[in-house]
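Analysis of the macromolecular model
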Amino acid sequence: MVTLNQLEVLVKVVEFRGFSGAAKALFMSQPAVSNHIRNLENSLGVQLVHRTSLGARPTPVGEIVVEHVYQVFEILDSIKRVAADYRGLESGQLVVAGTTTFGTYLLPRLLADFSVRAPKVSCQIRVGNEDTVESWLLRGEVALGLCADTPRDEQLLAQGMFEERMVLVAEPNSPLVGRALTPADLADQRFLMRETGSASRRLQACALRTWGLEAAEQWDMWGPDTLKQAVCQGLGVSLLSEHVIRQEIESGMLSTLLLTPAPPTRTVFLVIRADRVLTPPEKAFVELVRTVAEWPS
């Protein structure tokens, strides 16, 4: 007999590409995860997962089953949403995702306001880069996302909320600090970049093209916190959100570079799936975000 627990385990094994990662995510032992997969394969009469020295990969039929499992989970979420309509804000759950910058530095502030309005609603934040957040939205794992790009999939709808500045920073002792700079002054600098798949990375690359610095040395690093620490250690300069580096600027750990033309701004987008029916908590959060004219202090 196929159980929902087995299906959830299968999805996690595929997402984490291994039994160990799935076990950690599900707070289960690795033998328990293996047992669930074995029982599911026995029930269906097909092999769903290739077990290799490089990790676990879905078989062709396993990939199809996983896609159907996502549909099953979405139907279950729909059932929960129907029930939630009768409870309003007296209970329920709000799961919202943000790109690395927004999920880390913006969503906690928004949820602090939301929890005052709806104290009985349980809240969860998921953080990933732009591509990851879009995949969560498309699979129905989250209802709402805060992103820095307009989504590329037509199933996703985006509404611009407010703007944020991007700031070029260096370590305080850099000879670039305190000077009026042009792009030519940065030609010999190393630029520290976000990982591929990040909206910040795409904006950083666009800025370098605008400044004619595509040929400058570039190092890739994951996440804004890693970039900040790398800049503090003198490994290079980086273009980051004004909100990401606010504390480091105030404490003197980082310094802003005065460049003409100035770095670009970007828009914070609220993203939902076009066919998603929102629960009362999700609707309330959307209304809250729509009242925010600028990044909350």
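The following refers to the structure shown. (Residues numbered from 1 in each chain as written. Predicted model: local features only at pLDDT ≥ 70, side-chain atom pairs only at ≥ 80, totals over all residues. Heavy atoms only, no water.)

**Re the overall build of the chain**
Convention followed: Only DSSP runs of H or I reaching four residues or more are called helices, and only runs of E reaching two or more are called strands; each is numbered from the N terminus. Burial here depends on accessible area, computed with a 1.4 Å probe over protein chains only, as a share of the maximum for the residue type. Under 20% is buried, over 50% is exposed, and the range in between is partly exposed. The contact definition used throughout considers only heavy atoms, calling two residues in contact when any of these lie within 4.5 Å. Each accessible area value is a Shrake-Rupley result obtained with a 1.4 Å probe; residue values ignore everything except the protein chains displayed when judging cover. Counting rule applied: Lys, Arg positive; Asp, Glu negative; His and chain ends not counted. We put the charge of a Lys on NZ, of an Arg on CZ, of an Asp on CG and of a Glu on CD.
Of regular secondary structure, the chain possesses eleven helices and 13 strands. Buried residues in the chain amount to 47% of all 297 residues. Counted over contacts in the chain with a minimum sequence separation of 6, partners at least 24 positions apart contribute 75%. When the accessible area of the chain is evaluated, it comes to approximately 14,600 Å², of which 54% is carbon and sulfur surface. Charge-centre separation for the chain: the mean point of 29 positive side chains lies 5 Å from the mean point of 34 negative side chains.

**Quick look at the pattern of salt bridges**
Let me state the cut-off plainly: Definition used for salt bridges: Asp or Glu carboxyl oxygen within 4 Å of a side-chain nitrogen of Lys or Arg.
If you walk through the whole model with that rule in mind, you get 19 salt bridges. With a closest N to O distance of 2.3 Å, R152 and D131 form a salt bridge. In this pair, R152 is assigned in the loop between β5 (144-147) and β6 (156-170) and D131 in helix α7 (residues 130-138), connecting sequence segments 21 residues apart. Among the charged side chains, a salt-bridge network with shared partners connects K12, E15, R126, R139 and E141.

**Overview of the nonpolar core**
Put simply, the rule is: Joining through side-chain atoms within 4.5 Å is the link that ties buried Ala, Val, Leu, Ile, Met, Phe, Trp, Tyr and Cys residues into a set, and such a set is a nonpolar core.
With 38 residues, the main nonpolar core has L106, L110, F114, L144, L146 and F285 as its most contacted residues. For this core, the elements supplying multiple residues, two or more each, are β3 (93-99), α5 (100-105), α6 (107-117), β5, β6, α9 (224-232), β13 (265-273) and α11 (280-290). With residues up to four places along the chain from it excluded, the contact list for L144 reads L94, V95, V96, A97, L137, L270, V271, I272, L278, E282, F285 and V286. If you look at the next biggest cluster of nonpolar residues, it comprises 20 residues, including V11, V14, F19 and Y70.

**As for the packing of aromatic side chains**
We apply this condition: Aromatic contacts are taken between Phe, Tyr and Trp rings whose centres are within 6.5 Å, Trp giving its six-membered ring; a plane angle under 30 degrees counts as stacked, one over 60 as edge-to-face, and the others as tilted. Here, over-ring charges are defined by two tests on the NZ atom of lysine or the CZ atom of arginine: distance to the ring centre within 6 Å, and angle to the ring normal within 35 degrees.
For the coordinates displayed, the defined rule picks out one aromatic pair. Between F114 and F285, the ring centres sit 5.9 Å apart and the planes meet at 75°, which makes this aromatic pair edge-to-face. One end of the pair, F114, is in helix α6; the other, F285, is in helix α11, and 171 residues separate them in sequence. Looking at F114, the relative accessible area reads 1%, which means it is buried. Of note, R126 hangs over the ring of W136, and the distance from its end group to the ring centre comes to 4.2 Å. Of note, R190 hangs over the ring of W219, and the distance from its end group to the ring centre comes to 3.8 Å.

**Focus: the side chain of R266**
The following threshold applies: Under the rule applied, a polar contact is a pair of N or O atoms within 3.5 Å (in protein, one hydrogen donor and one hydrogen acceptor; residues adjacent in sequence only if both atoms are side-chain atoms).
Mapped onto the elements, R266 comes out in strand β13. Side-chain polar atoms of R266 contact the side chain of E164, separated by 2.5 Å. Among the polar contacts listed, one links the side chain of R266 to the side chain of S200, at a separation of 2.9 Å. Once residues within four sequence positions are removed from consideration, R266 is found in contact with T101, F102, A148, F162, E163, E164, M166, A199, S200, L203 and S241.

**Examining a nonpolar patch on the surface**
Inclusion rule: Patch construction takes residues with relative accessible area above 30% that form no salt bridge. Like charges are linked within 9 Å, and nonpolar side chains (Val, Leu, Ile, Met, Phe, Trp, Tyr) are linked within 5 Å.
On the surface, L4, V72, I75, L76 and I79 cluster together to form a nonpolar patch covering roughly 420 Å² of accessible area. Examining the composition of the nonpolar patch, we find that four residues originate from one element, helix α4 (residues 60-84), more than from any other. Relative to the assigned elements, I75 resides in helix α4. On the basis of relative accessibility, which here comes to 55%, the residue I75 falls in the exposed class.

**Topic: empty space enclosed by the protein**
Our working definition: The pocket and cavity definitions rest on a 1 Å grid over protein atoms only: a 1.4 Å probe that fits but cannot leave marks a cavity, an open set with protein on both sides within 12 Å along at least five of seven lines marks a pocket, and residues lining either have an atom within 4 Å of a point. Grid points are joined across faces, edges and corners, and a volume is the space filled by probe spheres set on the points. Each residue is assigned to one class: nonpolar for Ala, Val, Leu, Ile, Met, Phe, Trp, Tyr, Cys and Pro, charged for Asp, Glu, Lys and Arg, and polar for all the others, Gly among them.
Enumeration over the complete set of coordinates arrives at three cavities of 30 Å³ or more. There is about 60 Å³ of room inside the largest cavity. Every residue lining the largest cavity is listed: T99, T100, T101, F102, E130, A148, R194, S198, A199, S200 and R266. Of all the elements in the fold, those that place two or more residues in the lining of the largest cavity are α5 and α8 (199-210). The leading source of residues in the lining of the largest cavity is α5, at three residues. In the lining of the largest cavity, the residues fall into three nonpolar, five polar and three charged. In this model, the second largest cavity occupies a volume close to 40 Å³. L168, F191, L192, M193, Q204, A207, L208, W211, S238 and L239 together form the lining of the second largest cavity.

**Examining the pairing of β13**
Here is the rule we go by: Whether two strands pair comes down to DSSP finding at least two bridges between them.
Taken across its nine residues, β13 has seven buried, putting it largely inside the fold. With four bridges joining them, β5 and β13 adopt antiparallel strand pairing. Within β13, the residue paired with G145 across the bridge is V271. Where β6 lies against β13, nine bridges are found, and the strand directions are antiparallel. Following the sheet pairing, F162 is matched in β13 by V268.

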